Amino acid sequence: MIETPAARSANTFGTVVPAMVTPFTDDGGLDLVSAQKLANHLVDEGADGLVITGTTGETSTLLDEENVAMFEAVVEAVGGRAKVIAGTGMNDTGHSVHLSQLAAKTGVDGLLLVTPYYNKPNQAGIRAHFETIASATDLPVMLYDIPGRSVMPINPDTIIALAQHPNIAALKDAKGDFQSTTLVAANTDLDIYSGEDSLTMPLMTLGAVGVVSVTAHVATRLYRRMVDAMLAGDLAAAQALHFELDPYQRAVMTHIQGAVSAKTILNWQGILPNSVVRLPLVEATEDEKTIIRADLAEAGLTF
């Protein structure tokens, strides 16, 4: 086991961490009132961390001042009750440094940094990118490995090297490569989080501490119970909850982009006043809504 400088604990980022959507007004402006309402709702339901303006938060469509406004609003709403993690990862290292430094001034508890997308850097570039941003503030960092979006994976050797940085404390694993995750878990003390909702239980069997989830917008309590069962070693209870979560996960994650489906369902539940997204995302069609409703009906939810 590689010894790293930072003292690590699941309390750094929480264990059930919704990747929160960014609410918009009917005309597409930032809706901070709804953001605070949603943050409080998720924490009341059992979330102990929130990722703000990550991929699901449509960060690529937000101005820096909108990102900062979201960080400030959510810290004001739930700071002290849950960890607030700012999504500040971009494909421009300098811009990500700048936004991370702005985020640090808002009182957030940590940063989520995604692999630089579109540029297709090699592993040396990926490592330098993360180390540069992680060194720009004193905040703990969660790396986000999602080659389905970024094209380039963070190779296990790169993650193991990055784990020696004093501020890099966790990994959101959305790679879907169990062997890669095994190597990382065996050779670092990073807190590993499932970045694939449906793989939460399997990843926790090898030591993951929780999940950063889109589906947790609509099934927070079930994720809370499943994660707690796994942390307590109650595999039978966790397995039953894993199966119970399946229709929710299909509804949110398998038909349309997660931010779109999550906002659609939150609007049906009356938690958000609309389901507005920003281009290039578009709202769900009636046919897509019908499919989502069918999955939710399996879970006992009807709209």
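- An unreviewed UniProt entry lists the protein under the name 4-hydroxy-tetrahydrodipicolinate synthase, with Citricoccus muralis as the source organism.
- Quoted verbatim from the Sequence similarities (unreviewed entry) heading of the UniProt record, the comment on the protein is "Belongs to the DapA family."
- As recorded by UniProt, the Pathway (unreviewed entry) comment attached to the protein reads in full: "Amino-acid biosynthesis; L-lysine biosynthesis via DAP pathway; (S)-tetrahydrodipicolinate from L-aspartate: step 3/4."

1. Re the nonpolar core
Phase 1 of the analysis: By size, the foremost hydrophobic cluster in this structure holds 78 residues, and its most contacted members are Met20 and Leu50.
Phase 2 of the analysis: Looking at this core element by element, the count peaks at 7 residues for helix 2 (residues 64-78).
Phase 3 of the analysis: Among all residues touching leucine 50, those that are not within four sequence positions of it are Val17, Pro18, Met20, Ala39, Leu42, Val43, Val74, Val78, Lys83, Val84 and Ile85.
Phase 4 of the analysis: In this structure, Phe13, Val17, Ile146 and Ala169 belong to the second largest nonpolar core, which totals 16 residues.

2. Details of the packing of helix 2 against helix 3 (residues 93-104)
Phase 1 of the analysis: Contact pair helix 2 / helix 3: the axes reach a minimum separation of 10 Å and the direction vectors enclose 30°. In terms of crossing hand, the pair formed by helix 2 and helix 3 is right-handed. Across the interface between the two elements, Asp64, Asn67, Val68 and Phe71 of helix 2 pack against His95, His98, Leu99, Leu102 and Ala103 of helix 3.
Phase 2 of the analysis: Per-class residue counts for the contact of helix 2 with helix 3 are 5 nonpolar, 3 polar and 1 charged.

3. Thoughts on the pairing of strand 6 (residues 168-173)
Phase 1 of the analysis: Most of strand 6 is tucked away: 6 of the 6 residues are buried.
Phase 2 of the analysis: Where strand 6 lies against strand 7 (residues 191-194), 4 bridges are found, and the strand directions are parallel. In the sheet register, leucine 171 faces strand 7, and the bridge partner there is isoleucine 192.
Phase 3 of the analysis: Taking the sense of rotation as the criterion, the β-α-β connection linking strand 6, helix 7 (residues 178-187) and strand 7 turns out right-handed.

4. Digging into the sheet that holds strand 2 (residues 49-52)
Phase 1 of the analysis: Taken together, the 8 strands give an open sheet; going across it, the order is 1-8-7-6-5-4-3-2, and neighbouring strands pair in parallel fashion. The open sheet has two free edges, formed respectively by strand 1 (16-18) and strand 2, since each of these has just one partner strand. The mean inter-strand angle of the sheet, taken between neighbouring strand axes irrespective of direction, is 25°.
Phase 2 of the analysis: In this sheet, strand 4 (residues 110-114) lies alongside strand 3 (residues 83-87) in parallel orientation, the contact comprising 3 bridges. Bridge pairing in strand 4 places isoleucine 85 opposite glycine 110.
Phase 3 of the analysis: Strands in contact with helix 3 are strand 3 and strand 4; relative to strand 4, the strand with the most contacts, it is inclined by about 160°.

5. Overview of the side chain of arginine 278
Phase 1 of the analysis: Within the element layout of this structure, arginine 278 appears in the loop between helix 11 (258-268) and helix 12 (286-298).
Phase 2 of the analysis: Those residues in contact with arginine 278 that sit more than four places away from it in its chain are Phe24, Gly28, Gly29, Leu30, Glu58, Thr61, Leu62 and Glu66.

6. Overview of the UniProt feature "active site" (unreviewed entry) in the protein
Phase 1 of the analysis: Mapped onto the present numbering, the UniProt feature "active site" (unreviewed entry) falls on Tyr144 and Lys172. Across 29 residues in sequence, these annotated residues keep their C-alpha atoms within 4.7 Å of one another, forming a single compact spot.
Phase 2 of the analysis: Within the secondary structure, tyrosine 144 is located in strand 5 (residues 141-145).
Phase 3 of the analysis: For tyrosine 144, a relative accessible area of 5% gives the class buried.
Phase 4 of the analysis: Relative to the assigned elements, lysine 172 resides in strand 6.
Phase 5 of the analysis: With relative accessibility at 6%, the residue lysine 172 sits in the buried group.

Conventions adopted
Residues numbered from 1 in each chain as written. Predicted model: local features only at pLDDT ≥ 70, side-chain atom pairs only at ≥ 80, totals over all residues. Heavy atoms only, no water. UniProt positions renumbered as here; feature names shortened; annotations may be inferred. Core = buried A, V, L, I, M, F, W, Y, C linked by side-chain atoms within 4.5 Å. Buried < 20%, exposed > 50% of the residue type's maximum accessible area, 1.4 Å probe, protein only. Helix = DSSP H or I, 4+ residues; strand = E, 2+ residues; numbered from the N terminus. Contact = heavy atoms within 4.5 Å. Axes fitted to C-alpha atoms, helices over the stretch in contact; angles between N-to-C directions. Left-handed = near helix turned anticlockwise from the far one by under 90°. Nonpolar A, V, L, I, M, F, W, Y, C, P; charged D, E, K, R; others polar. Pairing = 2+ DSSP bridges. Right-handed = clockwise from strand over helix to strand, strands pointing away.

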